[in-house]
Amino acid sequence: MYRRLDPVRILETTQRLADRVTERFPESGLAGVAGELVSVANRAGEDHDWFDRPSWPLRAAVIIGVALLVLVAIGTMVVLVRLPAQAGLTDVIQAIDAGVNDLVFLGVAIYFLMTIETRRKRRRALRALHGLRSMAHIIDMHQLTKDPERATRPDAVDTASSPKHALTVFELSRYLDYCSEMLSILSKSAALYVQNFDDPVTLGAVNEIEDLTNGLSRKIWQKIMILDHVAG
């Protein structure tokens, strides 16, 4: 019961986080990102269910294709066996060579057909994971200019190009914490894509996203620790 991620629970947590961000920072860009994160979590849940369902029409087509290829191979072997007794050595060698080539191509064709469903799911997963990776960088951009030291320094002097800081110490702490939570949800949404899909390529992409979100989250928590230290 507690060994698998539940897409419904992830979506509920994401929606609750979006509500919290919107209530705390209703006019901020982070509220818009949180709303988009709800759509991302919902899409990840839908894809999770889609990966769990076998594509029976595709599998039936693959079985038919493999059966036809096997029949062709059997026909080729029958032709080789029924070579005329008076056939020369050259004809026999050519026939054997053609038969071996046919078997090699048969194996390649069968492998291609048997992996169609996996490659189809992999393509869909990698496309979605690319979007999650981009969203992680977007969240990082929102916290990029949130300097905890400047928020607690009344003697700080801004330049004309300095980012505006209108957040209190408490609000800045909540803002950074929301960013960290959003990165965590992105990581869990990515993990849904390999929960029912055992593909090493997709798993590698998910691991990269987890490393990315963990690294970005560590930077945010360093800011939170600095903020707590300076405020204290």
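Our structure is the block above this text.
This report concerns the structure included in the present document.

The rules behind each value
- Residues numbered from 1 in each chain as written.
- Predicted model: local features only at pLDDT ≥ 70, side-chain atom pairs only at ≥ 80, totals over all residues.
- Heavy atoms only, no water.
- Core = buried A, V, L, I, M, F, W, Y, C linked by side-chain atoms within 4.5 Å.
- Buried < 20%, exposed > 50% of the residue type's maximum accessible area, 1.4 Å probe, protein only.
- Helix = DSSP H or I, 4+ residues; strand = E, 2+ residues; numbered from the N terminus.
- Contact = heavy atoms within 4.5 Å.
- Expected span 1.5 Å × (residues − 1).
- Polar contact = N/O pair within 3.5 Å; in protein donor to acceptor, adjacent residues only side chain to side chain.
- Axes fitted to C-alpha atoms, helices over the stretch in contact; angles between N-to-C directions.
- Parallel < 35°, antiparallel > 145°, perpendicular 65-115°, else oblique.
- Nonpolar A, V, L, I, M, F, W, Y, C, P; charged D, E, K, R; others polar.
- 1 Å grid on protein atoms, 1.4 Å probe; cavity = no way out; pocket = protein on both sides within 12 Å on 5 of 7 lines; lining within 4 Å.
- Points joined across faces, edges and corners; volume = space filled by probe spheres on them.

**Some thoughts on the nonpolar core**
Then, in step 1: With 44 residues, the main nonpolar core has Leu 129, Leu 132, Met 182, Leu 186 and Tyr 193 as its most contacted residues.
Then, in step 2: Contributions of two or more residues to this core are made by helix H1 (7-24), helix H2 (29-52), helix H5 (116-143), helix H7 (169-195) and helix H8 (200-231).
Then, in step 3: Of all the elements, H7 adds the most residues to this core, at 13 residues.
Then, in step 4: In contact with Leu 129, other than residues within four places in its own chain, are Ala 190, Tyr 193, Thr 202, Ala 205, Val 206 and Ile 209.

**What about H1?**
Then, in step 1: Given a rise of 1.5 Å per residue, 18 residues ought to cover 26 Å, and the 26 Å separating the end C-alpha atoms of H1 matches this to within 8%.
Then, in step 2: In the core, the buried residues of H1 are packed alongside H2 and H7.
Then, in step 3: N-capping of H1 is provided by Asp 6, with a side-chain oxygen placed 3.0 Å from the backbone N of Val 8.

**Looking at the packing of H5 against H7**
Then, in step 1: As a packed pair, H5 and H7 sit with axes 10 Å apart at the nearest point and diverge in direction by 170 degrees. In terms of their interaxial angle, H5 and H7 are classed as roughly antiparallel. Counting all contacts with H5, which are made through Ala 125, Ala 128, Leu 129, Leu 132, Met 135, Ala 136, Ile 139, His 142 and Gln 143, the residues of H7 involved are Tyr 175, Leu 176, Cys 179, Met 182, Leu 183, Leu 186, Ser 189, Ala 190 and Tyr 193.
Then, in step 2: Each residue belonging to the contact of H5 with H7 can be placed in one class, and the counts come to 15 nonpolar, three polar and no charged.

**Regarding the layout of surface pockets**
Then, in step 1: What the largest pocket holds in volume is close to 160 Å³.
Then, in step 2: Forming the boundary of the largest pocket are ten residues, of which Lys 146, Lys 164, His 165, Ala 166 and Leu 167 lie nearest the centre.
Then, in step 3: When the residues that make up the lining of the largest pocket are grouped by side-chain class, the tally is six nonpolar, two polar and two charged.

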